[in-house]
Amino acid sequence: MVLKTSNYYSNNKDKLPNNSFKKAKFFGIAYYIWLLQFYMQLRFFVFLFFVFGLNLSAQNRINIIPKPTSVLDQDGEFIINAKTLIYISEPGIEKEASYFINYMESNYGFKLKLASGKPKKKNSILLNNLKTGEFENYELSINKKYIGITANADAGIFYGLQSLIQLLPVSKQSSLAVPCALIQDHPRYAWRGMHLDCSRHFFETNFIKKYIDFLATYKMNVFHWHLTDDQGWRIEIKKYPLLTKEGAWRKGSMIGPYSDNKFDSIRYGGFYTQNEIKEIVDYAAERHITIVPEIEMPGHALAALAAYPMFSCTGKPVEVGMKWGVETTVFCPSEGTFLFLRNILNEVMDLFPSKFIHIGGDEVLKDEWDSSALCQQIMKDQGLSNSHELQSYFIQRIEKIVNARGRSIIGWDEILEGGLAPNAAVMSWRGIEGGIAAAKQKHYVVMSPGSHCYFDHYQGKKEQEPLAIGGFTPLEKVYSYEPTPDTLSVEEATYILGAQANVWTEYITSSAQVEYMAMPRMAALAEVVWSKKEDRNYKDFYNRLLIHRSLLDARGINYSKTAFQK
Ligand code: TNX
């Protein structure tokens with residue numbers, strides 16, 4: 001308004017008559033008008049400063065990703081130093097407290113102490129678990145004297161600490177100023193997932209832990225660990241040692257673009273021992289992350305069949321895959337195979353306490369089944385009319401094994417074909433249709449469509465990016481994803497557990513490249529699955545991310561800069 005008036009004034013000033021008397025009179029009036037203008041402009045700038053200036057500084061002070069449900073920026077700061085004491089409301093949350101103590105020690109070099117006795121509200125951090133149920137919400141209250149985190153369960157305390165960590169200055173110093181604020185927060189979805197394919201390329205346990213730490217930073221709670229595929233079996237199974245002795249190693253790998261059809265002849269492989277797996281499961285649990293292991297069947301099973309060829313329909317020897325893609329050699333739906341897979345799954349379930357066990361189910365070529373006399377006989381005996389129904393029969397047999405241990409299966413959306421197993425959850429990857437169909441049938445769904453959730457796709461112009469499988473999924477596109485399709489009724493929508501991004505690694509050969517492909521897209525997805533739908537605003541996210549980058553830099557993460565290059 002004022003700016004407009006000032007333009008108006010300056011425009012009209014030129015039109016005044018050139019007469020000295022009138023000029024003198026004019027200057028008198030003009031002076032007063034000018035004074036008035038000056039006063040109004042001053043008021044306007046003071047107003048701007050208080051309204052937007054303070055707001056801006058609020059935005060700059062609190063840049064948590066994913067955006068919390070509500071943030072009230074308050075005046076002042078709390079200073080954390082070596083004398084700050086941590087109090088816990090009850091013994092259960094010592095592990096959250098020690099997570100924070102360890103974090104502080106390794107990042108800032110001083111060790112906070114866990115205090116006992118009546119909490120003192122002075123230079124202290126009070127962790128208060130109300131223990132009212134398995135909720136993930138928390139309240140983080142920071143004032144000049146103390147910091148309080150109150151939650152209904154351990155997970156909320158952990159998430160409150162993650163928010164606090166994001167508010168700390170990144171540089172190493174002995175007193176750390178944290179802005180005073182009141183933050184109340186809870187997630188939108190129960191399944192906030194990230195996947196990693198460790199078959200096509202193998203990643204050491206230390207990197208798996210680092211990856212789990214990325215998830216923890218963004219309050220993600222499911223790590224989908226893709227452990228078996230055509231190109232390598234990566235989990236030690238005591239009963240079948242050849243799975244890792246032979247199935248974990250390939251003679252060479254495809255190199256360069258798929259169309260070049262070129263290979264190296266370098267023996268490649270690796271696997272996780274059961275002890276390593278236990279350690280990683282515990283590491284994830286300390287960070288409130290459930291690991292959902294994936295054991296692929298009946299397709300993507302070449303590595304297993306290279307070790308135990310008797311479980312394919314032809315029984316012919318095969319080699320661990322060197323080429324990416326889909327193989328015709330798959331598990332045969334024979335009783336021998338079901339026994340083999342039952343023994344494997346039992347060891348898997350001994351290691352992983354997750355409710356869901358991922359059994360794959362995608363891209364099953366039916367060639368061998370169609371030409372197998374045994375398969376024709378099974379179809380006849382079971383009254384199955386086609387090979388899709390045979391696949392459904394296969395999955396239902398596996399479901400019984402998993403359900404017998406009180407667990408549930410989850411599989412890629414192909415498990416809908418030929419009829420969904422009674423208790424199966426569906427991971428929708430070929431678009432969202434599979435997810436919609438499953439939700440309408442009252443089955444749980446995790447959305448992971450290739451269009452928005454495939455982090456093996458390019459995130460920038462192909463010519464400027466390292467070789468990837470294809471596609472185009474830039475940061476903003478990930479951020480725009482809405483996991484609940486609007487075609488579902490309110491009741492059907494309750495079956496959408498959440499969403500997940502997949503990091504397939506055919507073209508991702510190193511852990512540094514995993515970081516590059518996953519970050520910062522993981523941060524965008526975290527906001528999709530955690531924050532309020534109505535709060536989603538790419539510009540606001542992007543501004544917070546610009547500041548958040550310093551944390552990624554401090555942690556030495558090889559995140560992609562593509563989204564920041566304009
Ligand atoms: C399809 S997603 C696959 C994977 C590949 C991926 C590459 C899914 C269930 N199957 O085997 O690695 O595409 O983007």
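I will try to describe carefully the structure that is included in this document.

Cut-offs applied
- Residues numbered from 1 in each chain as written.
- Predicted model: local features only at pLDDT ≥ 70, side-chain atom pairs only at ≥ 80, totals over all residues.
- Heavy atoms only, no water.
- Core = buried A, V, L, I, M, F, W, Y, C linked by side-chain atoms within 4.5 Å.
- Buried < 20%, exposed > 50% of the residue type's maximum accessible area, 1.4 Å probe, protein only.
- Domains from an automatic or database assignment.
- Contact = heavy atoms within 4.5 Å.
- Near = heavy atom within 4 Å.
- Polar contact = N/O pair within 3.5 Å; in protein donor to acceptor, adjacent residues only side chain to side chain.
- Areas by Shrake-Rupley, 256 points an atom, 1.4 Å probe, with all protein chains shown as cover.
- Nonpolar A, V, L, I, M, F, W, Y, C, P; charged D, E, K, R; others polar.
- Pairing = 2+ DSSP bridges.
- Helix = DSSP H or I, 4+ residues; strand = E, 2+ residues; numbered from the N terminus.
- Axes fitted to C-alpha atoms, helices over the stretch in contact; angles between N-to-C directions.
- Salt bridge = Lys/Arg side-chain N within 4 Å of Asp/Glu carboxyl O.

### Regarding the nonpolar core
Thinking step 1. Judged by nonpolar contacts, the single largest core of 156 residues is most densely connected at Ile80, Tyr211 and Trp225.
Thinking step 2. Looking at this core, you find at least three residues from each of domain 2 (62-185) and domain 3 (191-538).
Thinking step 3. Setting aside residues no more than four positions away along its own chain, Ile80 makes contact with Met104, Phe110, Leu112, Ile125, Ile147, Leu168, Ser174, Ser175, Leu176 and Val178.
Thinking step 4. Among the nonpolar cores identified, the runner-up in size contains 13 residues, and Val292, Trp412, Met427 and Tyr454 belong to it.

### Focus on the site of the ligand
Thinking step 1. What surrounds the ligand is the set Arg200, His300, Asp362, Glu363, Trp412, Trp429, Tyr454, Asp456, Ile469, Trp504 and Glu506.
Thinking step 2. Arg200 is positioned such that a nitrogen or oxygen atom in its side chain is 2.8 Å from an oxygen atom of the ligand.
Thinking step 3. Interatomic distance of 2.7 Å between a side-chain N/O atom of Asp456 and an oxygen atom of the ligand.
Thinking step 4. Burial of the ligand by the protein chains amounts to 92% of its free accessible area of 360 Å².
Thinking step 5. A breakdown of the residues in the shell around the ligand according to their chemical character gives 5 nonpolar, 1 polar and 5 charged.

### Quick word on the sheet that holds strand β7 (residues 176-185)
Thinking step 1. The 7 strands lie next to each other as β1-β7-β5-β6-β4-β2-β3, forming an open sheet whose pairing is mixed. Of all the strands in the sheet, the pair left with one neighbour each is β1 (70-80) and β3 (113-114).
Thinking step 2. Bridging between β1 and β7 involves 8 bridges; their strand directions are antiparallel. Within β7, the residue paired with Ile80 across the bridge is Leu176.
Thinking step 3. The sheet contacts of helix α3 (residues 94-108) involve β1, β2 (85-88), β3, β4 (124-129) and β7, and relative to β2 the element is tilted by about 165°.
Thinking step 4. With respect to the sheet, helix α4 (residues 154-167) is in contact with β4, β5 (138-142), β6 (146-151) and β7, its orientation differing from that of β5 by roughly 40°.

### Re the pattern of salt bridges
Thinking step 1. What the rule picks out here adds up to 27 salt bridges.
Thinking step 2. Between Lys210 and Glu515 there is a salt bridge; the shortest N-O distance is 2.8 Å. Here Lys210 is found in helix α5 (residues 205-217), whereas its partner Glu515 is found in helix α17 (residues 511-518), with 305 residues between them in sequence.
Thinking step 3. Residue classification places Glu515 among the buried residues on the basis of a relative accessible area of 4%.
Thinking step 4. Overlapping salt bridges bring together Lys67, Glu527, Asp540 and Arg544 as one network.

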